[in-house]
Structure formats: C-alpha cells, structure tokens
Amino acid sequence: MTAAVSWFPDLRLTDRPTVGGKGASLGELTHAGIDVPPGFVVTTQAFELFLDALERSSPVRALVERLDPNDLDTVSRISRSLRVRVENEPLPATVETAILDAHATLAKDNPALTVAVRSSATTEDAEDASFAGLQDTFLWVPDAQDAIHRVRECWGSLYSVESICYRRKHGLPEDGVAMAVVVQTMVDARTAGVMFTRSPTTGDKSVITIEGAWGLGSAVVSGEVTPDRWVMGKITGEISVRDISDKHIRQVPAAGGGIVDEEVPAELRKTPCLSDEELQALRGVGRRIEKNYGRAQDIEWAIDKSGALLLLQSRPETVWSAKEQKPVAPVIDDPLKHVMTIFGGRR
C-alpha cells in the first residue's frame, strides 16, 4: 500500500474520504468475504497532488464554487476548459509510478489482463447524495498506459456539466470533493445486471428485485436493453414475478479495448438469462450484503463465463430511504396553531 494507491483488502467503508464511495464499498465487500474482482484504488491523495499542480497555474475549486448551476452556458464553458486541462496535465511522477507498479502486480499472473477504470468520488454513493452515473467509467482497458490515461479522464469527469451542476445545486463545498479511481480486473460476463434488496417500485422491504441481461452489465445500467426481471421473497426465496424480455443486444469486449454492441442469437433473445439456482445464489449474496451494511442496497453483479458470481458494486438504496426520512406533516413552531390545526380537522 502506498499513499497514491490502496488495495481492496486494505479498505473499509471508513476509508471513503481517501478512496471514494465505490472504492470503499469494494473494500468493504472484499473484507466481508464477498467475491469481488481484485483491484486497487488510485486515492484522493493522488488526485490532490495532481490538482495542486493545476491550481498553481490557475484556480480550479474556487472557479467551480462561484458557478451558478442555472447558468448552463457558463457552466458548459468552464467545464470544457477544466476537462481539457485535467486530461492534458502530466501525472506527478510518484503517482504514475505507483499506478504502473500496482497494475504490474495485478497483471502478475495474467499478462493479458484487462481492467475496468471506474470513478469513485468522495461524495459518490453516500447515503444522502447519490452521484451514480455522473462520472466516467471505462471498460476493457487493455494495458497500463491506457489505464493511466483513463484515470486522468475519470478525474476530468468530476468537472462535467452534470457533475458540477449537481454539486452546486446541493451546495457541496468544492474543498470536500475529490476523485479516487478504481482499477479493477475486468469480468468477461456471460450475464450481468443489478439487484435491489427492497422493491425499487413499491419500497417493499420483504422482496428482492433482480434485473439482468446477456453480456456486460453496462447495457442494463445504461438502459440500452430491457432486462429480464424477477421479484423474490427475501426470506422465502419464492419467485413471484418473472418478466422475461426480448434482449436484442448484448455488450461485449471490443477488439483493442472498450465495448461494443452485439446482436443476441435468436435462440437466446427470449431465454431467461439466469437459472433459478443462480437467482437463489444472488438472493443469498444480497441478504449477506444488506446485513453487513445494515440497510437496503442497490447492487451490481456479474456471472462470468465459468459460472462464477462476482459483485461489482453495492451502494445504499436512497429513493425510498429518503422518503421515509421526510416528516409526515410540516413542523409547526407555534403550539397554539398546532393545536388548532389538529382540532380543526386538517391533520
């Protein structure tokens, strides 16, 4: 472990300030004995070293903090400028060496290793501020130099229009915002998708909802394919809903890196992408993860071509949890008005 890089087995949720929400969660899952593709995190300390060099030439954080999220023209102009600066600034030598060394360690037993490079912002996947989907992820990155390039692009995505506007609308101070980056062994997925340990449509805590499709999970997360969907009893395992869709495409590795859409063979399009045994295995893992975190989770998973189930991410469910935290009635400061409201029948 170095200052610029941390490995999953060394991380827990409490490390979020240095490895971001995604990195901390992958460390927590690894520590809990959940099968996670191995990897490391380029820490926020590496990001801070990098940002210091940018700040010495001209301000970054102060510039962003002054932006009005409703002035999209200005936000877009500043966003373009900052992303160009980030993507062209050389890495500090200590950071570049740490990433190259860690990548070599990860590839020690697999010279043909490909990795996923995934953003992991410090405010990402927090219980009260979900950044999911606002920063970049790169799949099937073929070598160490390309991984370094993608790390820089992930840092740049912290200054996308969407990300800047999100932070400014939520009043998040720029000094508290940093970007770690996950570098993780790529899973050549036969099937992948998402799992919710409470219903995303009704909030029911007694069920688990699983959505999946052929190939990489990016097709499901991006909405490019309508996934198969199952609803299961969390305790009983009874499958009450089986919606099998026409899955016309799947995402697979592209030659030279990245991913590409591919037509699903006709005989598979309307075939369930998960067996009942695999659904029960997912339910079991979902229950373990929810118990470990102590609250409902939104989980990304994959089953590789050997049939191994791997977990790619787990974040707190936020939609229904946020609704439950809202008061059932407005707070009334005046006691007399409060009593009159009750007896006036308007409660």
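Parameters at a glance
- Residues numbered from 1 in each chain as written.
- Predicted model: local features only at pLDDT ≥ 70, side-chain atom pairs only at ≥ 80, totals over all residues.
- Heavy atoms only, no water.
- Phe/Tyr/Trp six-rings, centres within 6.5 Å; stacked < 30°, edge-to-face > 60°.
- Helix = DSSP H or I, 4+ residues; strand = E, 2+ residues; numbered from the N terminus.
- Buried < 20%, exposed > 50% of the residue type's maximum accessible area, 1.4 Å probe, protein only.
- Expected span 1.5 Å × (residues − 1).
- Pairing = 2+ DSSP bridges.
- Axes fitted to C-alpha atoms, helices over the stretch in contact; angles between N-to-C directions.
- Core = buried A, V, L, I, M, F, W, Y, C linked by side-chain atoms within 4.5 Å.
- Polar contact = N/O pair within 3.5 Å; in protein donor to acceptor, adjacent residues only side chain to side chain.
- Contact = heavy atoms within 4.5 Å.
- pLDDT = per-residue confidence, 0-100.

1. Describing the packing of aromatic side chains
Item 1. Under the defined criterion, the tally for this structure stands at 3 aromatic pairs.
Item 2. For the ring pair phenylalanine 47 and tryptophan 155, a centre distance of 5.8 Å and an interplane angle of 70° mean the geometry is edge-to-face. Here phenylalanine 47, found in helix H2 (residues 44–57), pairs with tryptophan 155, found in helix H6 (residues 144–157); they are 108 residues apart in sequence, far enough to count as distant. Each member of the pair, phenylalanine 47 as well as tryptophan 155, is classed as buried.

2. Some details on helix H10 (residues 276–293)
Item 1. Along its 18 residues, H10 runs 26 Å from first to last C-alpha, staying within 8% of the 26 Å computed at 1.5 Å per residue.
Item 2. Those residues of H10 not exposed but buried are Glu278, Leu279, Leu282, Arg283, Val285, Gly286, Ile289, Glu290 and Tyr293.
Item 3. Once H10 ends, the next one or two residues include glycine 294, with phi positive near 75°.

3. With respect to the sheet that holds strand S4 (residues 137–141)
Each strand in a sheet pairs with its neighbour through backbone hydrogen bonds, running either in the same direction (parallel) or in the opposite one (antiparallel).
Item 1. On the basis of which strands lie adjacent, the open sheet formed by 5 strands has the order S1-S2-S5-S3-S4 and antiparallel pairing. With partners counted over all chains shown, the strands left at the sheet margins are strand S1 (5–7) and S4, one partner each. Adjacent strand axes in the sheet meet at a mean angle of 20°, parallel and antiparallel pairs treated alike.
Item 2. When S1 meets strand S2 (residues 39–42), the two strands line up antiparallel, connected through 3 bridges. Its bridge partner lying in S2, tryptophan 7 is registered against phenylalanine 40.

4. Structural notes on the nonpolar core
Item 1. The biggest cluster of nonpolar side chains holds 43 residues, and the ones touching the most others in it are Val42, Val117, Trp155 and Tyr159.
Item 2. Core analysis: the next-biggest nonpolar cluster, separate from the first, contains 31 residues, Leu29, Ala180, Leu282 and Trp301 among them.

5. Side note on the side chain of serine 245
Item 1. Within the element layout of this structure, serine 245 appears in the loop between strand S9 (239–243) and strand S10 (249–253).
Item 2. Since its relative accessible area comes to 11%, serine 245 is described here as buried.
Item 3. A polar atom in the side chain of serine 245 sits 2.4 Å from the backbone oxygen of threonine 226.
Item 4. When neighbours within four sequence positions are excluded, serine 245 is seen to be in contact with Thr226, Pro227, Asp228, Arg269 and Lys270.

6. What about the confidence of the model for the protein?
Item 1. Within the protein, residue pLDDT values average 89, and 89% of them lie at 70 or more.
Item 2. Segment residues 338–347 is flagged for pLDDT under 50; beyond a separation of four residues in sequence, or across chains, it makes 5 contacts in the model.

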